[in-house]
Amino acid sequence: MDILSNKFEKRMEETKTNEGKAAEMEHAIRHEIKVKIEENPVYYSSLKEKLEELIQARKSKQMDIIDLVEALREKVNDMRNTSQKSEEHGMTREQYPFYQMVEKELGEEDQNALKDLTHIQTEMIQDQAVIEWTEKEDVKREMRKRIKHQLRSSKINKDKIEALAQRLMDLAAVHYKK
């Protein structure tokens, strides 16, 4: 069930008990994570961890059901606002996962440099992304080479460049496939 749909809201209104609401939201969040984790692995992996922490806190009676429902509702609202977050950072919905992935490696040192790096990389990917580029080894090789070149000019640890470049290529295949 799509968390953004009116159908979800209607089911939440119809559900009478807090236990039922919590179960509906947990199911919807898990489904959304499963469907969208490839689009934004950093965000959805983090969301999955937070969901597990909330569920565990409830099981160990560190949290009552009303607090769980409220915390899950906050997660649902956060998921609904992901496109707004990308706009706040001056990026498109497709660019923001690249930003988050590089930010995870760099930390929050220089936001402007991070934004610039994201814009450069995503523009380069779009320029290189020809029809069926994900099936063309020469195009992928050139794209990966350019991504690594940009990463080397940043403050990313040299040992992490190869793995990060591959994760960025995987993201590119999801967002810029033609």
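Before any of the text, the structure's been laid out above.
Residues numbered from 1 in each chain as written. Predicted model: local features only at pLDDT ≥ 70, side-chain atom pairs only at ≥ 80, totals over all residues. Heavy atoms only, no water.

Enquirer: Can you walk me through the overall build of the protein in this structure?
Expert: Across its full length, the protein holds nine helices and zero strands. Along the chain direction, N to C, the helices and strands of the protein fall in the order α-α-α-α-α-α-α-α-α. Its C-alpha atoms give the protein principal-axis dimensions of about 55 × 35 × 25 Å. The buried share of the protein, taken over its 178 residues, is 40%. (Helix = DSSP H or I, 4+ residues; strand = E, 2+ residues; numbered from the N terminus. Buried < 20%, exposed > 50% of the residue type's maximum accessible area, 1.4 Å probe, protein only.)

Enquirer: Looking at this structure, I do not really get the pattern of salt bridges. What am I missing?
Expert: Side chains carrying opposite charge are able to pair once their charged atoms draw close together. Across all of its chains, the model carries twelve salt bridges by this definition. A salt bridge links Glu 105 to Lys 160; its shortest N-O distance comes to 3.6 Å. A residue pair is termed long-range when its members are at least 10 positions apart, and Glu 105 in helix α6 (residues 96-106) and Lys 160 in the loop between α8 (137-152) and α9 (161-175) qualify at 55 residues. We note a salt bridge from Glu 105 to Arg 167, for which the minimum N-O separation is 2.9 Å. Of this pair, Glu 105 sits in helix α6 while Arg 167 sits in helix α9, and the two are 62 residues apart along the sequence. (Salt bridge = Lys/Arg side-chain N within 4 Å of Asp/Glu carboxyl O.)

Enquirer: Could you clarify how one ought to interpret the packing of α6 against α9 in this entry?
Expert: Packed helices, taken two at a time, are described by the angle their axes make and the gap between the axes. Running from amino to carboxyl end, α6 crosses α9 at an angle of 170 degrees, the nearest separation of the two axes being 10 Å. The angle between the axes of α6 and α9 places the two elements in the roughly antiparallel class. Our pair here, α6 against α9, has a crossing hand that is right-handed. Residues Pro 97, Phe 98, Met 101, Val 102 and Glu 105 of α6 pack against Leu 164, Arg 167, Leu 168, Leu 171, Ala 172 and His 175 of α9. Each residue belonging to the contact of α6 with α9 can be placed in one class, and the counts come to eight nonpolar, one polar and two charged. (Axes fitted to C-alpha atoms, helices over the stretch in contact; angles between N-to-C directions. Parallel < 35°, antiparallel > 145°, perpendicular 65-115°, else oblique. Left-handed = near helix turned anticlockwise from the far one by under 90°. Contact = heavy atoms within 4.5 Å. Nonpolar A, V, L, I, M, F, W, Y, C, P; charged D, E, K, R; others polar.)

Enquirer: How do you make sense of the packing of aromatic side chains when you look at a structure like this?
Expert: The geometry of an aromatic ring pair is captured by two quantities: the separation of the ring centres and the angle between the planes. Tallied over the entire structure, the rule returns three aromatic pairs. With centroids separated by 4.9 Å and ring planes inclined at 85 degrees, the aromatic side chains of Tyr 43 and Tyr 44 adopt a geometry described as edge-to-face. Accessibility expressed as a relative area gives 10% for Tyr 43, which makes it buried. For Tyr 44, a relative accessible area of 5% gives the class buried. For the ring pair Phe 98 and Tyr 176, a centre distance of 5.9 Å and an interplane angle of 35 degrees mean the geometry is tilted. With Phe 98 in helix α6 and Tyr 176 in the segment after α9, this residue pair connects regions lying 78 residues apart in the sequence. Judged on exposure class, the residue Phe 98 and its partner Tyr 176 are both buried. (Phe/Tyr/Trp six-rings, centres within 6.5 Å; stacked < 30°, edge-to-face > 60°.)

Enquirer: Please clarify how a negative patch on the surface should be interpreted in this entry.
Expert: A cluster of acidic side chains, namely Asp 64, Asp 67, Glu 70 and Glu 74, defines a negative patch on the protein surface. Its location among the elements puts Asp 67 in helix α4 (residues 65-80). (Patch = residues over 30% accessible without salt bridge, like charges linked within 9 Å, V, L, I, M, F, W, Y side chains within 5 Å. Areas by Shrake-Rupley, 256 points an atom, 1.4 Å probe, with all protein chains shown as cover. Lys, Arg positive; Asp, Glu negative; His and termini not counted. Charge placed at Lys NZ, Arg CZ, Asp CG, Glu CD.)

Enquirer: What am I meant to see in the nonpolar core here?
Expert: Note that soluble globular proteins tend to have their nonpolar side chains buried in a common cluster. If you look at the biggest cluster of nonpolar residues, it comprises 27 residues, and the most contacted ones within it are Ile 125, Met 143, Ile 147, Leu 151 and Leu 168. Listed by contribution, the elements that provide at least two residues to this core are α6, α7 (111-128), α8 and α9. Considering every element that reaches this core, the biggest residue donor is α9, with seven residues. Those residues in contact with Ile 147 that lie beyond four places of it in its chain are Gln 121, Met 124, Ile 125, Ala 165, Leu 168 and Met 169. Among the nonpolar cores identified, the runner-up in size contains 22 residues, and Phe 8, Ile 33, Tyr 44 and Leu 72 belong to it. (Core = buried A, V, L, I, M, F, W, Y, C linked by side-chain atoms within 4.5 Å.)

Enquirer: Explain α8 to me, please; I cannot follow it from the model alone.
Expert: With 16 residues, α8 extends 22 Å between its outermost C-alpha atoms, agreeing within 8% with the 22 Å of an ideal straight helix rising 1.5 Å per residue. Those residues of α8 that are buried lie in contact with α7 and α9. (Expected span 1.5 Å × (residues − 1).)

Enquirer: Can you walk me through the side chain of Gln 95 in this structure?
Expert: Tracing the chain through its elements places Gln 95 in the loop between α5 (82-88) and α6. In this structure Gln 95 comes out as buried when scored by relative accessible area, which is 7%. A polar side-chain atom of Gln 95 sits 3.0 Å from the main-chain amide nitrogen of Thr 92. A polar side-chain atom of Gln 95 sits 3.3 Å from a polar atom in the side chain of His 119. Once residues within four sequence positions are removed from consideration, Gln 95 is found in contact with Thr 118, His 119, Thr 122 and Tyr 176. (Polar contact = N/O pair within 3.5 Å; in protein donor to acceptor, adjacent residues only side chain to side chain.)

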